[in-house]
Amino acid sequence: MQAIKVGLLGIGTVGSGTFNVLRRNQAEIRGRAGRGIEIAMVADLDVARAKSIVGDACEVVSDARQVIANPEIDIVIELIGGYGVAKTLVLEAIAAGKHVVTANKALLAVHGTEIFAAAHAKGVIVAFEAAVAGGIPIIKALREGLTANRIEWIAGIINGTTNFILSEMRGKGLDFATVLKEAQRLGYAEADPTFDIEGVDAAHKATIMSAIAFGIPVQFDKAHVEGITQLQAADIKYAEQLGYRIKLLGLTRRRENGIELRVHPTLIPANRLIANVEGAMNAVVVQGDAVGTTLYYGKGAGSEPTASAVIADLVDITRLHTADPEHRVPHLAFRPDAISDTPILPMDQVLTSFYLRLRVADEAGVLSRITTILADNDISIDAVLQRESAEGEKQTDLIILTHETVEGRMNKALALMQALPTVLAPIVRLRKEELA
Ligand code: HSE
């Protein structure tokens, strides 16, 4: 049988990885897909560079619309990124009856509802394994492997840049700004790292996982997004003394009254496997009612790891594109008529435990006034650590770990504690998850 023809929009890092892996592993891929998969056309603004990658293997053009208009092309891979031209091209490809493979988490987290509806109406597949955690097949796991389960929660280290920075901060005792500069010098962080360090990239990925896990629409605008830019070396050290590591987690959890969807630095027990995921690696823990806890680990970015996910989607489409659309795996795991309107909970209704660091006057009664405020707000203390003051020093750091409470209640207690004259600096508040 003739190879299925693929058009590639954007041949940067992931595109060139896709081209190379498809060529290198073509015999295996043909054996698995039932026919060859051939990149027949590439569109890239830098035609000369694109030609230097693909040689004479396929046609290279600068206009993506030529790829979409080519009747020979069955599948369009979108690797342009962003919400702008990528969205227009994906919708045009769908309208032209092409199946689409994309690694574009931002596009799907923000415009997924519109894109999946368009694809459903047209009977084409939009596949996006590469959009979440790069080479880790987490979409496949959530959508198919765990399909028997009622998913309870997902917690993921889903941004390699920030995990690299946090690992370096902990390992070398350095502050955020110093490590960020080093990460940029080594190529681990982009020249403009905003989306990574502010938690936006992780929130895009968490939004997509949340939709698939709980059968809700993608709702990036409802996600709580907090990055690592304010994180201080002192808190990483204190957390470690208390048996915790700080990771930027993407978390989504089913509660009785709705779904939590949040990204923020999080203390997790140092003995959890996911706490030991270091450097630029990614990992996702999924808790299902039947399977229990499962863990997925691997490279979340990079040329060939991400290409691995893109090609998995190409193989899936090659196998399934002739199947009746009603018998394919739904885009968001649940059939469109089974998508629910379960709300995403506002942060003040989120249930979590806390790490607090208070700079306090080292004098009688300070601790008791603070614990009284916590008790009055029904917040139970799990552990307290008071750093020994240096000789002659009149202030000290007081670290408090709490049990689970509703965040709104903690905010009220924090305001009262902050108003105490013996609390001498803004209180540091981090969330803590036991992931039990
Ligand atoms: N910038 C991302 C990361 C990779 O640092 O993990 C692509 O999502």
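Since the structure is predicted, the reported quantities are computational estimates derived from the model, not experimental observations.

1. As for the site of the ligand
Argument step 1. Every residue near the ligand is listed here: K105, N159, G160, T161, D196, D201, K205 and A301.
Argument step 2. Contact distances for the ligand include 2.6 Å between an oxygen atom and a backbone N or O atom of G160.
Argument step 3. Considered on its own, the ligand offers 260 Å² of accessible surface; in the complex 81% of this is hidden by protein.
Argument step 4. Contributing elements (two or more residues each) for the shell around the ligand: α8 (160-172) and α11 (200-214).

2. Remarks on the layout of surface pockets
Argument step 1. Here the largest pocket is characterised by a volume of approximately 1,200 Å³.
Argument step 2. Contributing to the lining of the largest pocket are 45 residues, with K105, E190, D196, D201 and A301 lying nearest its centre.
Argument step 3. Put simply, the parts of the chain that give the lining of the largest pocket at least two residues each are α1 (13-24), α6 (105-122), α8, α10 (194-197), α11 and β11 (281-288).
Argument step 4. Within the lining of the largest pocket, the residues separate by chemical class into 18 nonpolar, 19 polar and eight charged.
Argument step 5. Shared between two domains, the lining of the largest pocket takes at least three residues from each, and those domains are domain 1 (4-137 + 303-338) and domain 2 (139-299).
Argument step 6. Each pocket or cavity is described by its volume, and for the second largest pocket that value is around 550 Å³.
Argument step 7. In this structure, the second largest pocket is lined by 30 residues; those nearest its centre are H120, V329, P330, H331 and L332.
Argument step 8. No other element matches the five residues that α6 contributes to the lining of the second largest pocket.
Argument step 9. Tallied by class, residues from the lining of the second largest pocket come to 19 nonpolar, four polar and seven charged.

3. Re empty space enclosed by the protein
Argument step 1. Using the criterion set out here, one finds one cavity of 30 Å³ or more in the structure.
Argument step 2. Considering only enclosed or pocket space, the largest cavity measures out at about 30 Å³ in volume.
Argument step 3. In terms of lining, the largest cavity is formed by L166, S167, R170, I236, I246 and K247.
Argument step 4. Among the secondary structure elements, those contributing two or more residues to the lining of the largest cavity are α8 and β9 (244-255).

4. Some words on the packing of aromatic side chains
Argument step 1. Inspection of the entire model under this criterion finds two aromatic pairs.
Argument step 2. Their ring planes at 15 degrees and their centres at 4.0 Å tell us that F164 and Y188 sit as a pair that is stacked. Placement of F164 in helix α8 and of Y188 in the loop between α9 (176-186) and α10 is noted, with a sequence separation of 24 residues between them.
Argument step 3. A relative accessible area of 7% means that F164 is categorised as buried.
Argument step 4. Since its relative accessible area comes to 41%, Y188 is described here as partly exposed.

5. Thoughts on the side chain of T266
Argument step 1. Among the structural elements, T266 can be located in strand β10 (residues 258-269).
Argument step 2. For T266, a relative accessible area of 0% translates into the label buried.
Argument step 3. At a separation of 2.8 Å, a polar atom in the side chain of T266 contacts the main-chain carbonyl oxygen of H264.
Argument step 4. Once you skip the residues sitting within four places of it in the chain, T266 turns out to touch R245, I246, K247, L249, R431, K432 and E433.

6. A look at the sheet that holds strand β6 (residues 126-127)
Argument step 1. The strand order across the open sheet formed by six strands is β3-β2-β1-β4-β5-β6, and the pairing between neighbours is parallel. Of all strands in the sheet, those with a lone pairing partner are β3 (59-61) and β6, marking the two edges.
Argument step 2. Strand direction decides the pairing type here: strand β4 (residues 75-78) and strand β5 (residues 99-102), joined by four bridges, are parallel. Within the sheet, the bridge partner assigned to I75 lies in β5 and is H99.

7. A few points about a nonpolar patch on the surface
Argument step 1. Judged by side-chain polarity, Y83, V110 and F195 come together as a nonpolar surface patch covering roughly 240 Å² of accessible area.
Argument step 2. Of note, V110 is situated in helix α6.

8. A closer look at the packing of α6 against α11
Argument step 1. Between α6 and α11, whose axes approach to 8 Å, the crossing angle comes to 55 degrees. If you check the angle between α6 and α11, you find them oblique. Considering the relative orientation of α6 and α11, their crossing is left-handed. Of the residues in α11, those touching α6 at K105, A106, L108, A109 and V110 are D201, H204, K205, T207 and I208.
Argument step 2. Taken together, the residues of the contact of α6 with α11 break down into five nonpolar, two polar and three charged.

9. Re the domain arrangement of the chain
Argument step 1. Domains assigned within the chain are domain 1 (4-137 + 303-338), domain 2 (139-299) and domain 3 (351-432).
Argument step 2. Placing the centre of domain 1 and that of domain 3 at their C-alpha centroids yields a distance of 51 Å.

10. Overview of the side chain of D235
Argument step 1. Its place among the elements puts D235 in helix α12 (residues 233-241).
Argument step 2. On the accessibility criterion, D235 (2% relative accessible area) is buried.
Argument step 3. Ignoring sequence-local partners within four residues, the contact set of D235 consists of I246, Y355, R357, V428 and L430.

11. Structural notes on helix α13 (residues 303-320)
Argument step 1. The terminal C-alpha atoms of α13, which comprises 18 residues, lie 26 Å apart, in line with the 26 Å expected from a rise of 1.5 Å per residue.
Argument step 2. Those residues of α13 that sit buried are T306, A307, A309, V310, I311, D313, L314, V315, D316, I317 and T318.

12. A word on the nonpolar core
Argument step 1. Counting residues in hydrophobic clusters, the biggest one holds 81 residues, and the most contacted among them are I138, L142, I165, I208 and V286.
Argument step 2. By residue number, the principal contributor to this core is α11, which donates 10 residues.
Argument step 3. Contacts of I138, omitting those with residues within four sequence positions, involve E129, V132, A133, M209, V284, V286 and Y296.
Argument step 4. Listed in part, the 32 residues of the second largest apolar core include F19, I75, A103 and V310.

Thresholds applied
Residues numbered from 1 in each chain as written. Predicted model: local features only at pLDDT ≥ 70, side-chain atom pairs only at ≥ 80, totals over all residues. Heavy atoms only, no water. Near = heavy atom within 4 Å. Polar contact = N/O pair within 3.5 Å; in protein donor to acceptor, adjacent residues only side chain to side chain. Areas by Shrake-Rupley, 256 points an atom, 1.4 Å probe, with all protein chains shown as cover. Helix = DSSP H or I, 4+ residues; strand = E, 2+ residues; numbered from the N terminus. 1 Å grid on protein atoms, 1.4 Å probe; cavity = no way out; pocket = protein on both sides within 12 Å on 5 of 7 lines; lining within 4 Å. Points joined across faces, edges and corners; volume = space filled by probe spheres on them. Nonpolar A, V, L, I, M, F, W, Y, C, P; charged D, E, K, R; others polar. Domains from an automatic or database assignment. Phe/Tyr/Trp six-rings, centres within 6.5 Å; stacked < 30°, edge-to-face > 60°. Buried < 20%, exposed > 50% of the residue type's maximum accessible area, 1.4 Å probe, protein only. Contact = heavy atoms within 4.5 Å. Pairing = 2+ DSSP bridges. Patch = residues over 30% accessible without salt bridge, like charges linked within 9 Å, V, L, I, M, F, W, Y side chains within 5 Å. Salt bridge = Lys/Arg side-chain N within 4 Å of Asp/Glu carboxyl O. Axes fitted to C-alpha atoms, helices over the stretch in contact; angles between N-to-C directions. Parallel < 35°, antiparallel > 145°, perpendicular 65-115°, else oblique. Left-handed = near helix turned anticlockwise from the far one by under 90°. Expected span 1.5 Å × (residues − 1). Core = buried A, V, L, I, M, F, W, Y, C linked by side-chain atoms within 4.5 Å.

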